[in-house]
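Residues per chain are reported as follows:
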Amino acid sequence: MTQSFKTIAIAALIAMGGAGCMTAQNRVVVGSPRDNWYVQLGLDMTLQDPYGTPEGSTFTDGRTGGIDVAAGRWFTPAIGLRARVNWENGFAPLSSKKATWLNFIEPAKPNAEHGGYVSVVGDVQLDLMGLFAPYREDRFWHCQVFPRAGLVFNCGLQKGSPLIGAGVGNTFRANRRCTVFFDVAYQMVSSGFNGRWTDLGTGRNAYLDATLGIQLNLGRSGFQSSNSNH
C-alpha cells in the first residue's frame, strides 16, 4: 500500500511540474469565473481488486456497472478541477448480483440488492496538450492525467472509506458544446470498504474503473490567446 501511495504522489508531482513548461505560444487570457464550466454524464464498468483475491475471478466476482455525474471547470488550458459522483452496482440494468467481492462478511448477501456503493471524489485535471502543445480551441483530442481523492460508502455493508487514486482521461470534440469523454482510473480504499481486512502495509483493497460518456460545455468555452500572432 505504501509503495502504491508513493507511486501516485510522484506521478502527480511530475505532472504538476509540467505546468511550468507552457511556452509563449500558450499564454492565454483566463477570462471570467463563469467561463469554461462543464457537466458530464457517463456509464462505467468497475473491476474490484481486493487484497489476496485470484485475478482469474475478477470478471465474475468483482465486475460491476454504474452511473457517473460530474461537473468541473478549466481555469487554464492546462489545469482544471472536477467533482464526480459515482453510483455503482445499485442501478438494476447495470448491477451484478454476482459481485461477491463487495461483501466478504456475508458473500451470499448481494450488494446490488442493498444499494451498491456511492463515491464522491475530486480530481485535479492536467491536460497534456495544454501543457506541452500550442493552444487550439478546435483541437479534436485532449488527454489528461489526474490525481484523485474522496470518499466511498458501501451501502450493503454500511461502511465507508477514504479513497485516493489516479487516472487518465480522454476527450473527443464533437462541436463547441458537446464532447465525448473516456476515463480510466485506479482507486485505493481501506479494508472496511468491502470487509476484506488487511494490516496497514501488507496489502491493498482497490478497484479499477473505465467510464464513457458525454460532456456538455456550459456558457462560454475556450480561451483567448494573448499572443497577437494566434
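Preceding this paragraph is the structure being described.
Not measured: the values here are computed from a predicted model.

Novice: Outline the pairing of strand β8 (residues 178-189), supporting the account with residue identities and numerical values.
Specialist: As judged from the eleven bridges shared by strand β7 (residues 159-173) and β8, these two strands associate in the antiparallel manner. Among the inter-strand pairings, Ile164 is bridged to a residue of β8, identified as Met188. Pairing of β8 with strand β9 (residues 205-218) involves twelve bridges; the strand directions are antiparallel. By the bridge assignment for β9, Gln187 is matched with Tyr207.

Novice: Account for the pairing of strand β2 (residues 37-49), naming residues and giving values.
Specialist: As judged from the eleven bridges shared by β2 and strand β3 (residues 63-74), these two strands associate in the antiparallel manner. If you follow Gly42 over to β3, its bridge partner there is Asp68. Examined bridge by bridge, β2 and β9 share 13 bridges and lie antiparallel to one another. From the neighbouring strand, Leu47 faces β9, where its bridge partner is Leu208.

Novice: How would you explain a nonpolar patch on the surface if you had to name every residue and give the values?
Specialist: A cluster of nonpolar side chains, namely Trp37, Val39, Val180, Phe182, Val184, Leu208, Leu212, Ile214, Leu216 and Leu218, defines an oily patch on the protein surface of about 770 Å² accessible area. Residue assignment for the nonpolar patch shows that the elements contributing at least two residues are β2, β8 and β9. In terms of residue count, the dominant contributor to the nonpolar patch is β9 (five residues). Position of Trp37 among the secondary structure elements: in strand β2. Since its relative accessible area comes to 38%, Trp37 is described here as partly exposed.

How each quantity is defined
- Residues numbered from 1 in each chain as written.
- Predicted model: local features only at pLDDT ≥ 70, side-chain atom pairs only at ≥ 80, totals over all residues.
- Heavy atoms only, no water.
- Pairing = 2+ DSSP bridges.
- Helix = DSSP H or I, 4+ residues; strand = E, 2+ residues; numbered from the N terminus.
- Patch = residues over 30% accessible without salt bridge, like charges linked within 9 Å, V, L, I, M, F, W, Y side chains within 5 Å.
- Areas by Shrake-Rupley, 256 points an atom, 1.4 Å probe, with all protein chains shown as cover.
- Salt bridge = Lys/Arg side-chain N within 4 Å of Asp/Glu carboxyl O.
- Buried < 20%, exposed > 50% of the residue type's maximum accessible area, 1.4 Å probe, protein only.

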